[in-house]
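What follows is each chain in one-letter form.
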Amino acid sequence: MATETTIALPVLGEPTQAAIIGPENGRTVYVETYGCQMNVSDSEIVMGVLHANGYRPVDSADDADVILLNTCAIRDNAEKKIHDRLDALKWQKRHNRDLVVGVLGCMAERLRTSLLEKKLVDIVVGPDEYRKVPELVETALSGSKGIAVKLSRVETYDDIQPLRTEGISAWMSIMRGCDKFCTFCVVPFTRGRERSRALQSVVDEAKQLWDAGFREVTLLGQNVNSYRDDVSGYDFADLLAATARAVPQMRIRYTTSHPQDMSDKLIDTMAEHDNICKYIHLPIQSGSNRVLQLMNRTYTVEHYMQRMERIRAAMPLVAMSTDIIAGFCTETEDDHQRTLDVMRAVRYDGAYMFAYSPRENTKAWKMGDDVPDEVKSRRLQEIVDLQQTIAAEINATEVGRIHDVLVEGPSKRNASEWRGRSDTNKTVIFPHDETADYIVGDTIRTRITRSTSATLFGERVTT
Ligand code: SAH
Ligand code: SF4
Ligand code: F3S
């Protein structure tokens, strides 16, 4: 059964590696990241902590003394993937008895000591305990398993220097945790209560990133727009504006925002600053008010549509994406049709679409999982097909339009083409040869010449 699909957006959940060079203690570490961008950012924090303790990152599990899996627990298949990966690591441990294997992240927080029951796993560390990773690795090297899974009300890793992978785009967590408690979701349990970094530390880090050569920064949080600097009282719109002013040439993005906290002030701040990208990921989850209420999403379809109108009035060319869950408990055919109706009304540029996966200990777990798999699958497929059609139609209207494209490097498929991203977060492919006078990190103007549902193709214009 197809359980998740992405259209017209970069795919989440692909493993990524962090690589840096630093002072060494003779030990090598490899981190594999699963799940959302928060985990990508957290892996960079973990590598920052380990680097400060002398560990050297390597980009292959085969060369590592310490292998860390930074995991996701959002859906059952996310966890299955990790169990499979741990099984695959068993032979490696057989060949190297000193190998330390650690499970970090949301699955570590959710499953806790039960993960340590696996012979292979030496350490288990939850998202708020990453400062303890070096200590736990040391203990494991001396033969004892270790666990640290306490959630914190204050930890933001504000003072930790993350070790970022090379590139021009940086992730920066600005708040952690979630207080929304949507009934289907494990995040409030795996990441704990909401807390925000100080505005000044975010602004300072953005400046450092610019000086280090980064040209785009994405401010991250599970509910990024419920950010609040407790000391000064600044909200997310204030933070965005301050960051936009501090690094006026830097592209600024953010994710994920919640419809309840999508204020007029935030929308107007986005419209006001040229360097805040005109792209919003605003998960709707369902087009039925009855289902939204069961999900405890705290808004109605009418509120959502009214926010959309406000957004488009302020930023007519904004690109929008969303998350949708198919087959939540008690979802009827009529509820499902309402989701399709909302998709037709909003016309999203992209969407992450999922079949509902019941998670133990959530409120929805107790509501049951009464939509049969084949019905969920069929509804998900209808959602995916509709999204693909809409995205293709929207992208077709891009032909002839000019976009400023941040150059990211060679395209994966063809050596004579490079790729970049538009302000609206769409991938643009364009011809490239040795006469090109731009480099990675430059912004160039391109005219779109053709498109698919997932990609725009363009050529450079210099006038
Ligand atoms: N904080 C973000 C979402 C983070 S999880 C927000 O509220 O928008 C990313 C997405 O995974 C969610 O938006 C939801 O669509 C999906 N998701 C979360 N729990 C799920 C579950 N139990 N089954 C299926 N999809 C789920
Ligand atoms: Fe999960 Fe809802 Fe929080 Fe998003 S807002 S992380 S879906 S509980
Ligand atoms: Fe997964 Fe945790 Fe992110 S459950 S989606 S890694 S916050």
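All figures in this text were calculated on a predicted structure; none of them were measured in a lab. Each chain carries its own residue numbering, running from 1 in the direction its sequence is written. Lettering of chains starts at A and numbering of ligands starts at 1, both following the order in which they are written. Local features in this predicted model are restricted to residues whose pLDDT is 70 or higher, and side-chain atom pairs enter the listing and the counts only when it is 80 or higher, whereas totals over whole chains, interfaces and linings include all residues. Calculation of side-chain values draws on the structure's entire complement of heavy atoms; hydrogens and water are dropped beforehand.

Asker: What exactly am I supposed to notice about the site of ligand 2 here?
Answerer: Taken together, Cys178, Lys180, Phe181, Cys182, Phe184, Cys185, Val187, Pro188, Gln222, Asn223, His258 and Arg297 form the complete shell of residues around ligand 2. Nonpolar residues are Ala, Val, Leu, Ile, Met, Phe, Trp, Tyr, Cys and Pro. Charged residues are Asp, Glu, Lys and Arg, and all others, Gly as well, are polar. The residue inventory of the shell around ligand 2, partitioned by class, reads 7 nonpolar, 3 polar and 2 charged. Note on definitions. A residue lies near a molecule or strand when any single heavy atom of the residue is within 4 Å of it.

Asker: Teacher, can you tell me more about the nonpolar core here?
Answerer: One broad rule of soluble globular proteins: the nonpolar side chains tend to lie buried together. Take the buried Ala, Val, Leu, Ile, Met, Phe, Trp, Tyr and Cys residues and link them wherever side-chain atoms come within 4.5 Å; each set so joined is a nonpolar core. For every residue, the accessible area (1.4 Å probe, protein chains only) is compared with the maximum for its type, and the residue is labelled buried under 20%, exposed over 50%, or partly exposed between those bounds. Counting 69 residues, the largest nonpolar core has Leu219, Phe236, Tyr254 and Ile280 as the members making the most contacts within it. In this entry, domain limits derive from an automatic or database-based domain assignment. Counting the residues that make up this core, at least three belong to each of domain 2 (167–276) and domain 3 (278–396). Ranked by size, the runner-up nonpolar core spans 25 residues in total, among them Tyr30, Ala61, Cys106 and Leu120.

Asker: Got a minute to help me understand the site of ligand 1 in this structure?
Answerer: Near ligand 1 lie 15 residues; those nearest to it are Gln222, Pro283, Gln285, Asp323 and Ser357. Throughout this description, a polar contact denotes any pair of N or O atoms lying within 3.5 Å of each other; where both atoms belong to protein, one of them has to be capable of donating a hydrogen while the other can accept it, and for residues adjacent in sequence the pair is counted only when both atoms sit in side chains. Contact distances for ligand 1 include 3.3 Å between an oxygen atom and a side-chain N or O atom of arginine 297. Between a nitrogen atom of ligand 1 and a main-chain N or O atom of serine 357, the distance comes to 2.7 Å. For ligand 1, whose free accessible area comes to 540 Å², the fraction covered by protein is 91%. In this description a helix means any DSSP run of H or I spanning at least four residues, a strand means any run of E spanning at least two, and both kinds are numbered starting from the N terminus. Every element with two or more residues in the shell around ligand 1 is listed here: β14 (319–326) and β15 (350–355). To be clear on the numbers: accessible area is Shrake-Rupley with a 1.4 Å probe, and residue cover counts the displayed protein chains and nothing else.

Asker: It is not clear to me how the confidence of the model for the chain should be interpreted in this structure. Could you clarify?
Answerer: Caution applies to low-pLDDT regions: their predicted coordinates should not be interpreted in detail. This prediction gives the chain a mean pLDDT of 93; 95% of its residues lie at or above 70. By definition, pLDDT measures how confident the predictor is in each residue, and it falls between 0 and 100. We call two residues contacting when some pair of their heavy atoms lies within 4.5 Å. Contacts of residues 1–22 to residues separated by more than four positions or lying in other chains number 76 contacts, the stretch itself having pLDDT below 50.

Asker: Would you take a moment to explain the domain arrangement of the chain for this structure?
Answerer: Accessible area lost upon the coming together of the parts is a frequently used measure of interface size. With domains assigned, the chain is organised as domain 1 (28–148), domain 2 (167–276), domain 3 (278–396) and domain 4 (402–460). The C-alpha centroid of domain 4 is placed 27 Å from the C-alpha centroid of domain 2. Accessible surface is computed with a 1.4 Å probe, and the buried area is the amount of it that two parts give up when combined, taken over both parts together. Buried surface at the junction of domain 2 and domain 4, both sides included, amounts to about 670 Å², of which 47% is carbon and sulfur. Area buried by domain 2 at its contact with domain 4 is led by Ile168, Arg251 and Arg253, which between them contribute 72% of it. Salt bridges, as used here, are contacts in which a Lys or Arg side-chain nitrogen is within 4 Å of a carboxyl oxygen on Asp or Glu. Between domain 2 and domain 4 we count 1 salt bridge in total. Tallied by class, residues from the side of domain 2 that touches domain 4 come to 2 nonpolar, 1 polar and 5 charged.

Asker: What is the right way to read the packing of aromatic side chains from this model?
Answerer: Any two aromatic rings considered together are summarised by their centre-to-centre distance and by the angle between their planes. Each Phe, Tyr or Trp ring, with Trp reduced to its six-membered ring, pairs with another whose centre is within 6.5 Å; inter-plane angles below 30 degrees give stacked pairs, above 60 give edge-to-face pairs, and intermediate values give tilted ones. Scanning the entire structure with this criterion turns up 8 aromatic pairs. The interplanar angle of 75 degrees and the centroid separation of 5.6 Å between the aromatic rings of phenylalanine 181 and phenylalanine 189 together place this pair among those described as edge-to-face. Judged by centre distance (6.2 Å) and plane angle (40 degrees), the rings of tyrosine 299 and tyrosine 304 are tilted. Tyrosine 299 sits in the buried class, given a relative accessible area of 6%. You can call tyrosine 304 buried: its relative accessible area is 0%.

Asker: How should the environment of glutamate 216 be read in this particular structure?
Answerer: Structurally, glutamate 216 is set in strand β11 (residues 216–220). Among all residues touching glutamate 216, those that are not within four sequence positions of it are Ile168, Ser169, Ala170, Met250, Arg251, Arg253, Leu406 and Arg421.

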